[in-house]
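# Architecture and fold: a report
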Amino acid sequence: MYTIDRHGPSNTAGAIDLRSDTLTRPTPAMRRAMAEAEVGDDVYREDPTVNALEERVAELFGHEAALFVPSGTMGNQIGLRLVCEPGQEVLGDADAHILTYEMGAAAALFGLSSRTVVTGGRLSADQLIAQVRPKGDWHLTATAAVAVENTHNRGGGLVQPLDELEKLFSWSRGADVAVHLDGARIWNAHVASGVPLATYGRLADTASVCLSKGLGAPIGSVLVAGAARIATGRLWRKRLGGGMRQAGVLAAAMQYALDHHVERLAEDHEHARLLAERLGVDPATVETNMVVVDDVEAPLVAEAAKAQGVLVGQVSARRIRLVTHLDVDRDGVERAAKVLGELIAR
Ligand SMILES: Cc1ncc(COP(=O)(O)O)c(C=O)c1O
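Residues numbered from 1 in each chain as written. Predicted model: local features only at pLDDT ≥ 70, side-chain atom pairs only at ≥ 80, totals over all residues. Heavy atoms only, no water.

## Some points on the overall build of the protein
Scanning the protein from N- to C-terminus turns up 14 helices and twelve strands. In summary, the protein has a C-alpha radius of gyration of 20 Å against a globular reference of 20 Å for 346 residues, a match within 12%. Seen through its C-alpha atoms, the protein measures out along the principal axes to roughly 60 × 50 × 40 Å. A buried classification covers 55% of the 346 residues belonging to the protein. (Helix = DSSP H or I, 4+ residues; strand = E, 2+ residues; numbered from the N terminus. Rg over C-alpha atoms; globule rule 2.2 N^0.38 Å. Buried < 20%, exposed > 50% of the residue type's maximum accessible area, 1.4 Å probe, protein only.)

## Considerations on the environment of Val39
Position of Val39 among the secondary structure elements: in the loop between α1 (28–35) and α2 (48–60). Look past the residues within four positions of Val39 in its chain and what remains in contact with it is Asp47, Pro48, Gln246, Gly248 and Val249. (Contact = heavy atoms within 4.5 Å.)

## Points about the site of the ligand
If you check the shell around the ligand, you find Ser71, Gly72, Thr73, Asn76, His97, Glu102, Glu149, Asn153, Asp182, Ala184, Arg185 and Lys213 and nothing else. In this structure, an oxygen atom belonging to the ligand sits 2.6 Å away from a side-chain N or O atom of Thr73. If the ligand stood free it would expose 390 Å²; the protein chains cover 83% of that surface. With three residues, the single largest contributor to the shell around the ligand is helix α3 (residues 72–83). Classifying every residue of the shell around the ligand by side-chain character gives one nonpolar, six polar and five charged. (Near = heavy atom within 4 Å. Polar contact = N/O pair within 3.5 Å; in protein donor to acceptor, adjacent residues only side chain to side chain. Areas by Shrake-Rupley, 256 points an atom, 1.4 Å probe, with all protein chains shown as cover. Nonpolar A, V, L, I, M, F, W, Y, C, P; charged D, E, K, R; others polar.)

## Focus on the domain arrangement of the protein
The domains assigned to the protein are domain 1 (28–260) and domain 2 (264–345). Between the C-alpha centres of domain 1 and domain 2 the distance comes to 28 Å. Tallying the contact residues gives 16 residues for domain 1 and twelve residues for domain 2. Between domain 1 and domain 2, a total of about 1200 Å² is buried, with carbon and sulfur atoms accounting for 55% of that surface. (Domains from an automatic or database assignment. Buried area = accessible area lost by both parts, 1.4 Å probe.)

## Notes on the packing of helix α13 (residues 298–307) against helix α14 (residues 330–345)
Two numbers describe how α13 lies on α14: the axes approach to 10 Å, and their chain directions differ by 140°. Considering how the two elements wind past one another, α13 and α14 form a crossing that is right-handed. Two secondary-structure elements touch here, α13 through Val301, Ala304 and Ala305 and α14 through Val339, Leu340 and Leu343. In the contact of α13 with α14, the residues fall into six nonpolar, no polar and no charged. (Axes fitted to C-alpha atoms, helices over the stretch in contact; angles between N-to-C directions. Left-handed = near helix turned anticlockwise from the far one by under 90°.)

## Here we look at helix α8 (residues 186–193)
Most of α8 is tucked away, with six of its eight residues classed as buried. Among the residues of α8, Ile186, Trp187, Asn188, Ala189, His190 and Val191 are the ones counted as buried. In this structure, the buried residues of α8 make contact with α2, β6 (178–183), α9 (197–202), β7 (206–210), α11 (248–260) and α12 (265–279). Following α8 by one or two positions, Gly194 has its phi on the positive side, about 80°.

## Comments concerning the packing of α2 against α11
The contact between α2 and α11 brings their axes to 8 Å, and the two run at 35°. Here the hand of the crossing between α2 and α11 comes out left-handed. Packed against α2, whose contacting residues are Thr49, Val50, Ala52, Leu53, Arg56, Val57 and Leu60, the element α11 presents Gly248, Ala251, Ala252, Met254, Gln255, Leu258 and Asp259 at the interface.

## Structural notes on the nonpolar core
Counting 51 residues, the largest nonpolar core has Leu168, Ile186, Trp187 and Val222 as the members making the most contacts within it. In terms of residue count, α11 provides more of this core than any other element does, seven residues in total. Counting residues in hydrophobic clusters, the runner-up holds 27 residues, among them Val286, Val333, Ala336 and Val339. (Core = buried A, V, L, I, M, F, W, Y, C linked by side-chain atoms within 4.5 Å.)

Shown next, in the form of structure tokens:
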């Protein structure tokens, strides 16, 4: 019997922390940008830094409008609510963050039903399409939206194939089904695949993108969609308590992250490949900044690594996960590879 210490204790100062890319702390330059941000009341829509961020992100993804939200969870859930009515269902893969880690929010808050398809994280348009239940049937719960995650967290940072995204989206136009993108790590997908952000944006009706993961902002996500949907989304954000006042201090960190931290994700991806090579993991399974190591005594490895200043995520009894990010440099990666290599070989 063991407990999963997925997010572990907080006394981790000085450790090489590979548990998640959400653990990054704002850099000194980012903090300066935050301190100097011009601000106003964002509920009045008078925060110039938030307004500029929303315009910038909408444009990046080729959508009419955008909404700053405090978390990826809020972005996802408002996104779903904008394309589904209570009693309708969202279809997603069984490991989707939306359906695994968001505390049943779509059901608890909005009366949405959900159904899953087991894919292992790699999008298969045909698999999802085959499960869609049409609107207007007297018996069936109608599928109003399908949710896609890119990159896929529980899939180990997989990048969704562009042809599958294209196929799903073009099918959805004729089927009156919306596509929601959980793009918490869409930046990693963009850097790894070279696919423009606007292309990913074009293939979704609503998309939530996070700047608090690999991009290193302390807080903040953005929901993009059409203007009418975002106007309704603003209402839902207020209802959920996500209407914030001088939020420009956060938006300034997000702007800084967009200016300085997107292209550098390539370094995280390289670090992840390096870790994989050193630990005997097939590098072909590493598409972005996550390395999944199977067939290990996860609690033992995690505990012993921690004693040597390396923190890893435990996904299950036999699986650990390593996530590279802004706060882990090449030396840290080398040290982690050495510590973990010895432990895994034992
Ligand atoms: C794929 C994915 N979507 C959504 C989220 C939710 O983001 P937040 O923690 O900001 O609510 C996460 C968080 O790690 C995630 O990995």
